[in-house]
Amino acid sequence: MLLLFALVVAGVFAWLGQWQLASAIDTDPVPEGATEEVRPLEDVVEPGEYLEEPLVGQRVDVAGTWVPGDFIVVSSRFNDDVEGYWVTGQFRVEAESPTAIAVAVGWARERDDADAAVAILNESAADADPVALMGRVISDEGPAMPPPGADPLEQTRMSPAALLSRWHEPDGSPLAEIDVYRPYLTSTDPTGALADAGLDPISSPAPQLASPINWLNIFYAVEWAVFAGFAFYLWYRLAKDAWVREVEEIEGVDPDDE
């Protein structure tokens, strides 16, 4: 009975080890250079959905219009290891229903330059025609609580959810119910009014391809194999102790006598 229990436990551990091992190797990795192929935004991710890991950094294009008054500065942004500021905006995507995506327009080293760019962009967006944007789609960084005493409106993370609370409708009224993309876009080719704002292009290199081998999963698979072996070892020790006890009883030795 004890052997059967050990076999069942070892079998479960062996199955878990095999599952971890199968998950450790990506049998369908992203081809090299796949993120550099420009794809329509709607083909990569839908509004409200999370961006899949292989698609982070994918180059996309999208058409739409800027919403005046919704250009916002995000601090603690690095361009080639130099800290500065991003100017972000609400971009209304051309779609059947009102849809928006947060776009990082450009970078400035000084806050004054970023604020000046915001003023220029808000003014120029009022009469702007629809434009086509190209950039990389990046996962949401998530909102962050400001430290005590800090400006509650200071944005330090690129979070569309946090920016959404400060966006407006194109006519300036409070934001109505719209579809919003969870990830954001880093514009890689600012032109027209965006270039006139005096911002530097955002450094957004191609993402590095991850290794097709997940060594952590392999480590877990080895652990499950050790656990399976321990189940047999436990059965062996209990069986041996029982056998020794029977031998001592046959020989007339009290097993409990020290």
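Residues numbered from 1 in each chain as written. Predicted model: local features only at pLDDT ≥ 70, side-chain atom pairs only at ≥ 80, totals over all residues. Heavy atoms only, no water.

Chemist: What exactly am I supposed to notice about the overall build of the protein here?
Modeler: Across its full length, the protein carries 6 helices and 8 strands. Ordering the α and β elements of the protein from the N terminus gives α-β-α-β-β-β-β-α-β-α-β-β-α-α. Counting over 258 residues, the protein shows a buried share of 32%. Restricting the contact set of the protein to residue pairs at least 6 apart, pairs at least 24 apart contribute 72%. Surface accessibility of the protein: about 15,600 Å² in total, with carbon and sulfur atoms responsible for 57%. (Helix = DSSP H or I, 4+ residues; strand = E, 2+ residues; numbered from the N terminus. Buried < 20%, exposed > 50% of the residue type's maximum accessible area, 1.4 Å probe, protein only. Contact = heavy atoms within 4.5 Å. Areas by Shrake-Rupley, 256 points an atom, 1.4 Å probe, with all protein chains shown as cover.)

Chemist: When you look at the side chain of T99 in this model, what are you seeing that I'm missing?
Modeler: Looking at the element boundaries, T99 is found in strand β5 (residues 99-108). In this structure the side chain of T99 is engaged in a polar contact, spanning 2.8 Å, whose partner is the backbone oxygen of S97. (Polar contact = N/O pair within 3.5 Å; in protein donor to acceptor, adjacent residues only side chain to side chain.)

Chemist: Explanation requested: the pairing of strand β4 (residues 82-93) in the structure shown.
Modeler: As a general feature of sheets, a regular strand has side chains that alternate between the two faces. Of all 12 residues making up β4, 9 are buried, and the element is well covered by its neighbours. Both strand β2 (residues 58-66) and β4 contribute to a ladder of 3 bridges, which runs antiparallel. Bridging across to β4, W66 finds its partner in F91. Where strand β3 (residues 72-79) hands over to β4, the hairpin turn is made up of 2 residues, of which D80 adopts a positive phi near 55°. Sheet topology note: the β4/β5 ladder contains 9 bridges and is antiparallel. Bridging from a neighbouring strand, R92 pairs with A100 of β5. (Pairing = 2+ DSSP bridges.)

Chemist: Even after reading the chapter, I still don't get a nonpolar patch on the surface, so can you show me in this structure?
Modeler: Side chains of F230, Y233, L234, Y236 and L238 sit close together on the surface and give an oily, nonpolar patch of about 510 Å² of accessible area. Relative to the helices and strands, Y233 resides in helix α6 (residues 215-250). With a relative accessible area of 45%, Y233 lands in the partly exposed category. (Patch = residues over 30% accessible without salt bridge, like charges linked within 9 Å, V, L, I, M, F, W, Y side chains within 5 Å. Salt bridge = Lys/Arg side-chain N within 4 Å of Asp/Glu carboxyl O.)

Chemist: Sorry, what's going on with the pattern of salt bridges here?
Modeler: Close approach of charged atoms lets side chains of opposite charge pair. Within the structure shown, the criterion is met by 5 salt bridges. Of the charged contacts, one joins E36 and R136 as a salt bridge, the two residues approaching to 2.8 Å between their closest N and O atoms. A residue pair is termed long-range when its members are at least 10 positions apart, and E36 in the loop between α1 (2-24) and β1 (39-40) and R136 in strand β6 (residues 131-138) qualify at 100 residues. Classification of E36 by relative accessible area gives partly exposed; the value is 29%. Linking R92 and E169 is a salt bridge whose minimum nitrogen-to-oxygen distance equals 2.9 Å. Linking R92 in strand β4 with E169 in the loop between α4 (160-164) and β7 (179-180), this pair joins segments that are 77 residues apart in sequence. The pair formed by R92 and E169 is uniform in burial state, with each residue classed as buried. One salt-bridge network, held together by shared partners, links R111, D115 and E154.

Chemist: What exactly am I supposed to notice about the packing of aromatic side chains here?
Modeler: Any pair of aromatic rings gets described here by the distance separating the centres and the angle formed by the planes. Counted under the stated rule, the structure contains 3 aromatic pairs. An angle of 40° between the planes, with centres 5.3 Å apart, marks the rings of W66 and F71 as tilted. This pair shows no difference in class: W66 is buried, exactly as F71 is. Three or more aromatic residues joined by ring pairs form one cluster here, namely W66, F71 and F91. Stacked on the ring of W86, the Lys or Arg R77 has its end atom at 5.0 Å from the ring centre. (Phe/Tyr/Trp six-rings, centres within 6.5 Å; stacked < 30°, edge-to-face > 60°. Lys NZ or Arg CZ within 6 Å of the ring centre and 35° of its normal.)

Chemist: Quick question: what am I supposed to make of the pairing of β6 here?
Modeler: Pairing geometry for β2 and β6, over 7 bridges, is antiparallel. Counted as the bridge partner of V62 is L133 from β6.

Chemist: Would you explain unusual backbone geometry in this entry?
Modeler: Negative phi characterises most residues that are not glycine, and trans characterises most peptide bonds. One non-glycine residue, D80, lies in the positive phi region at around 55°. By the element assignment, D80 lies in the loop between β3 and β4. Within the chain, D81 stands out as a residue other than glycine whose phi angle is a positive 70°.

Chemist: What is the right way to read a negative patch on the surface from this model?
Modeler: A contiguous patch of negative charge on the surface is contributed by E42, D43, E46, E49, E52 and D61. With respect to the helices, strands and loops of the structure, E52 is situated in the loop between α2 (41-44) and β2. The exposure class assigned to E52 is exposed, which follows from its relative accessible area of 54%. (Lys, Arg positive; Asp, Glu negative; His and termini not counted. Charge placed at Lys NZ, Arg CZ, Asp CG, Glu CD.)

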